[in-house]
Every structure is written in structure tokens, then in C-alpha cells.
Amino acid sequence: MLYCKQMEELLFGTGGTPHSSRTASTIDGIKRIAELGLGGMEIEFVRGVKMGEAGARLVAETAAREGVKLSAHGPYFINLNAREPEKIIASQERILQTARIAAICGAESITFHAAFYLGDPPEKTYQTVKKKLAEVINQLKRENNRVWIRPEVMGKPSQFGTIDEVLNLCTELEGVGIGVDFAHWHARRGEFNSYPEFASILQQIKQRLGDQALDDMHIHVSGIAYGKKGEIKHLNLKESDLQYVELLRALKDYQARGLVICESPNLEQDALLLQETYKNL
Ligand SMILES: [Zn+2]
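Residues numbered from 1 in each chain as written. Predicted model: local features only at pLDDT ≥ 70, side-chain atom pairs only at ≥ 80, totals over all residues. Heavy atoms only, no water.

1. Structural notes on the packing of aromatic side chains
Definition in use: Working definition: a ring pair exists when centres of Phe, Tyr or Trp rings (six-membered ring for Trp) sit within 6.5 Å. Plane angles under 30 degrees give stacked, over 60 give edge-to-face, the rest tilted. Three exposure classes are used, based on accessible area relative to the maximum for each residue type with a 1.4 Å probe and protein chains only: buried under 20%, partly exposed in between, and exposed over 50%. A positively charged side chain is recorded as over a ring if its NZ (Lys) or CZ (Arg) lies within 6 Å of the ring centre. The angle to the ring normal must also be within 35 degrees.
All chains considered together, the criterion is met by five aromatic pairs. Pairing Trp 185 with Phe 192 gives two aromatic rings, centres 5.7 Å apart and planes at 50 degrees, and the pair type is tilted. Residue Phe 192 is classed as buried on the basis of its relative accessible area of 15%. If you follow Lys 252 out to its NZ or CZ, it ends over the ring of Tyr 278, 4.6 Å from the centre.

Shown next as C-alpha cells:
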């Protein structure tokens, strides 16, 4: 089982515990992921990091035993470009907490929503986010924490996190990795929903970050509803316009490896759909 999974190029999993798990706990979620034949799971700390160190150690043991690759999603209440200095400090603290518990869980990556522009020019926001994130990364370095920090590509024009902004952070800050939410990017731009467009993103990653970035991708996918202000809500893939087959084909052609986290409302159903579709390409 483990051997097979390691041979696969790309692992598929859910954002949070699958609906069909025995309970909503992370441990039951990991066991269910393994039962379903999926490869990974993102632990959702979106309403705060409430897991303790002892619980995280049990999570790590379970994930290792079941052969499930983990990542973690930080709290929603993060804005590294907040007006109030105390809100920035609290945001940095939330990223640190996520990274600390994620590391004990054996997760290799954390992702989070970095900031809002709040009317600032994107370049000014970028400099602020970079500075505040660098402080977080320096602290994690002092703690010998090696979890990849992956600020998410975001779905609304009011949110910091274009593909370029995220790629720039990756090139400028050590320890920052690429995290592409293809649904967000499609919702934000209306376009980026065809093979050539998906391939152009992967090509850009390859050019700017090298092949090793494609070897260790962190991807979010779901169906998505969107309007003029970008993302409205997540949808199941088959109820949305997202051309996921073309996306999977591009990922396969570029030999992308790593973790694809499905954030559709039906979670494991679409994660399995993605995995099956990918395998049959
Ligand atoms: Zn997210």
C-alpha cells in the first residue's frame, strides 16, 4: 500500500476530515482517507489552532501508520497587511501556531490566506506581507521548524495573492513554497480554465522556481461560483464550470507531484473523482 502510494506522481485528498468518517476528528479523518484509497488530507485550523501537542503526536502516528500525507490550513483570521499593529502580530502568531502544530503532526506544508489590500497599492501590500512573513520565517528557523510556508493564491481581487505575488514571495523568501488554488485563480480572473491556461501557470512555476517546485506542489481544487468580485462559494466539480479534466491533464503532462487537496462541499467524492480521472488519463 505504502509502496504504491510513493510510486504515484500526485496524491489526492480532502480539505478537512471526510464526511464519511466515523467522527469529525482528525484521526478518524486520516483513517477514512486511507480506507477510501486517497493519499492525503489537509487539517483545517481555519477557526483557530485548537489541537495540542499530545493530540498532534497521535495524529502523526496515525498518519505514518496509514500512509497519509498531511498538510495544514491556518486560521482565516490572518491579515499581514492589517492597519493595527496588534492585528499583524496576532496574524503572525496564528501562522506560527499553525506551523508548530503542523510540524508535530508530521505535515510538510501549511497554507493560509495572507492578507487583504485594504485599498493599498498591490506593490505596497507586497512589501508589507514580505516583511511580516520574513519575521515569521526567521522565528521558525530559530525553532528548527522546516514546514513549507505556502501563502495561498486567492479568489477575490480584494485579497493579496495573485500567482505573481505568490511566486515572488517564493523567490524572495527561503522556506516559502508555491500553493496554487486553481479554483480561486479561475474565480478571480474568469479565465484560466483550459489546458493551455493551466499549462501556462505550471510553465511559469517551472521557469521561476525550477523543476523541484513541480516535484512538490501544493494544490487546491474545487468547483467554484464567482462573479465580478471573484469567488462567491465553492461548488461540487460537476455542478461547476471548472475544466478539471484539462487541469489534471496539464498536471500529468508537467509531471507535477505533491498534494492535491479537494475543497468541494462533497469533499471525498470529488477527491476520488479527481484521483480516478487522473489515473485514467
Ligand atoms: Zn484556503
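2. Re the pattern of salt bridges
Stated precisely, the cut-off is as follows: Salt bridges are defined as contacts in which a side-chain nitrogen from Lys or Arg sits within 4 Å of a carboxyl oxygen from Asp or Glu. Numbered from the N terminus, helices here are DSSP runs of H or I no shorter than four residues, and strands are runs of E no shorter than two.
Inspection of the entire model under this criterion finds 15 salt bridges. Put simply, Glu 93 and Arg 100 hold a salt bridge, and the shortest N to O gap is 3.4 Å. For Glu 93, a relative accessible area of 35% translates into the label partly exposed. Between Lys 130 and Glu 172 there is a salt bridge; the shortest N-O distance is 3.2 Å. Remark: Glu 172 occurs in helix H6 (residues 163–172) and Lys 130 occurs in helix H5 (residues 122–142); sequence separation between them is 42 residues. Look at Glu 172 and you get partly exposed, because its relative accessible area is 43%.

3. Some points on the nonpolar core
Operational definition: Throughout this description, the term nonpolar core refers to a set of buried Ala, Val, Leu, Ile, Met, Phe, Trp, Tyr and Cys residues connected via side-chain atoms within 4.5 Å. Residues count as neighbours in contact if any of their non-hydrogen atoms are within 4.5 Å of one another.
In this structure, Ile 43, Leu 70, Ile 110, Leu 133, Ile 178, Ile 205 and Leu 274 are the most contacted members of the largest nonpolar core, which totals 77 residues. Filtering out sequence-adjacent residues up to four positions away, Leu 133 remains in contact with Leu 80, Ile 95, Phe 112, Ile 149, Pro 151, Leu 169, Leu 173 and Val 176.

4. Comments concerning the sheet that holds strand E7 (residues 217–221)
What counts, and what does not: Two strands are counted as paired when DSSP detects at least two bridges linking them. Simply put, an axis is a line fit to the C-alpha atoms, just over the touching stretch for a helix, and the angle between two N-to-C directions goes from 0 to 180 degrees.
If you walk across this open sheet you meet the eight strands as E5-E4-E3-E2-E1-E10-E7-E6, and the pairing is parallel. Two strands bound the open sheet, and with one partner strand each, they are strand E5 (148–151) and strand E6 (179–181). Adjacent strand axes in the sheet meet at a mean angle of 25 degrees, parallel and antiparallel pairs treated alike. In the sheet, strand E3 (residues 69–73) pairs with strand E4 (residues 109–112) via three bridges, with the strands oriented parallel. The residue of E4 that forms the bridge with Ala 72 is Ile 110. Sitting on the sheet, helix H11 (residues 268–279) touches strand E1 (10–15), E7 and strand E10 (258–262), and the angle it makes with E1 is about 170 degrees.

Everything listed is a geometric property; what it means functionally is a separate question.
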